[in-house]
Amino acid sequence: YETHWWPHPPQYFPPGCMVDVSEKIKKVTSLPVIAVGRLHYPEAAERAVAEGKADFIAIGRGLLSEPDWVNKVASGKTDELIPCLGCHEGCKWQMIAGEPTSCAINPSCGHEIEWALTPLKEKRSLLVVGGGPAGIEAARVGAKRGFEVTLWEATDRLGGNLWPAGKPDIKHDIMDYIKYLEGLVKRLPIEVVLNKKATAEDVKGFGADYVIIATGAQMERSPFDNGASDKVLSVMEVLSGVEPRGDKVLVMGGGVIGCETALYLAREGKEVTISTRRDKSQLAEDLYDHNNHDVLIMMMEAIDIKVLSEAVPVRMEDDGVIVEQGGSEKKIPVDSLVFSGRMLPENSLSKALDDMSNVFSVGDCVNPERIMEAVWTAFKTVREIEP
């Protein structure tokens, strides 16, 4: 219990995170040794056996996200493997809640019978607006059921907010998920139109039998607008490749997005301070799984990220940020501020079409939450359409 994350290795741990242990055991016994711990990556599993560090490989969560793992690996279709995100949300926490053990990005797992996809009796068209995880899941389920599926994406690539989420190297599973989704769309009969920012008139004019709105969420605007905007970035900008000015950075916001961004910047060589309205003990409390949460906090402590508890930045100045803490103001000497605010639903299109009975909104444009909610709401909505 003191190291509860090891039986359930978090998303932040590398592939084969316990192979060094099986290697040591192999040296002192002639019995076959089975290695475990984030070995659903074919290359890592193969390497452990080839290098004599284990005799067998055990896979747990990776078989929940991808039940056909063995057959796909054996046939060389490793690019079709549904990756495990290491989130514990669809498996461990569903089990704790008394629900069937499942998977955040493979809702059919554990629900194979009651959530089966029923083929359409007559051909129908489905328009999906938005190419993030919710939109692509809606398109996938639609294609599997027999819909004629068209997907519109406003940008030049699929993935939505998965791209900034996967920017830190500790979130490589998210990048694997993006690659999987890109390949999935190519394998299925889905017509994808990029750089298509849909309007209500576009949707109505297209004339699809059913429409899924999956336009996602955007971060709220920074409260700072006092002439020092060149020193203020959002975490979304930073995680999209924009580097903050200088070496000293204050991250405003102690949720999981702010904490992961702070860790990312610290590993890039920045001297990072986090300010949070709450107590330090509540950092990243919106990170659902305690295994992932505790390891994230330990990594932040190990790299010496400073924390300002119950503190609110109130204005930027040339030589730092003025922070209100404990009823008084003090200056924190930093070169730039990175704002981590709330994610707000991008629901303008949903509102413009709310009078149409054949239009359904899913994912973050309804309520910004985790990847699991985005995928599951899309899955259930399209599965339940009965023409």
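Before reading further, recall that the structure is shown in the block above.
Analysis parameters
- Residues numbered from 1 in each chain as written.
- Predicted model: local features only at pLDDT ≥ 70, side-chain atom pairs only at ≥ 80, totals over all residues.
- Heavy atoms only, no water.
- Helix = DSSP H or I, 4+ residues; strand = E, 2+ residues; numbered from the N terminus.
- Buried < 20%, exposed > 50% of the residue type's maximum accessible area, 1.4 Å probe, protein only.
- Contact = heavy atoms within 4.5 Å.
- Phe/Tyr/Trp six-rings, centres within 6.5 Å; stacked < 30°, edge-to-face > 60°.
- Lys NZ or Arg CZ within 6 Å of the ring centre and 35° of its normal.

**Some points on unusual backbone geometry**
Then, in step 1: The phi dihedral of A284 falls on the positive side, at around 55°, and the residue is not glycine.
Then, in step 2: For A284, the location among the structural elements is in the loop between β10 (271-275) and α12 (290-302).
Then, in step 3: The class for A284 is buried, based on a relative accessible area of 0%.
Then, in step 4: Of note, the phi angle at E310 is positive, near 45°, even though the residue is not glycine.
Then, in step 5: Its location among the elements puts E310 in the loop between β11 (306-308) and β12 (311-317).

**Side note on the side chain of S65**
Then, in step 1: Mapped onto the fold, S65 is located in helix α3 (residues 62-65).
Then, in step 2: For S65, the contacting residues outside a window of four places in its chain are I82, P83, C84, C103 and N106.

**What about the packing of aromatic side chains?**
Then, in step 1: For the coordinates displayed, the defined rule picks out six aromatic pairs.
Then, in step 2: Seen in terms of ring centroids, W115 and W376 are 5.5 Å apart; in terms of plane orientation they differ by 90°. Their pairing is edge-to-face. In this pair, W115 is assigned in the loop between α5 (92-96) and β3 (125-129) and W376 in helix α14 (residues 371-383), connecting sequence segments 261 residues apart.
Then, in step 3: Of the residues examined, W115 reaches a relative accessible area of 16% and is grouped as buried.
Then, in step 4: An aromatic cluster is defined as three or more aromatic residues linked by ring pairs; in this entry it consists of W115, W376 and F379.
Then, in step 5: If you follow K196 out to its NZ or CZ, it ends over the ring of W152, 4.9 Å from the centre.

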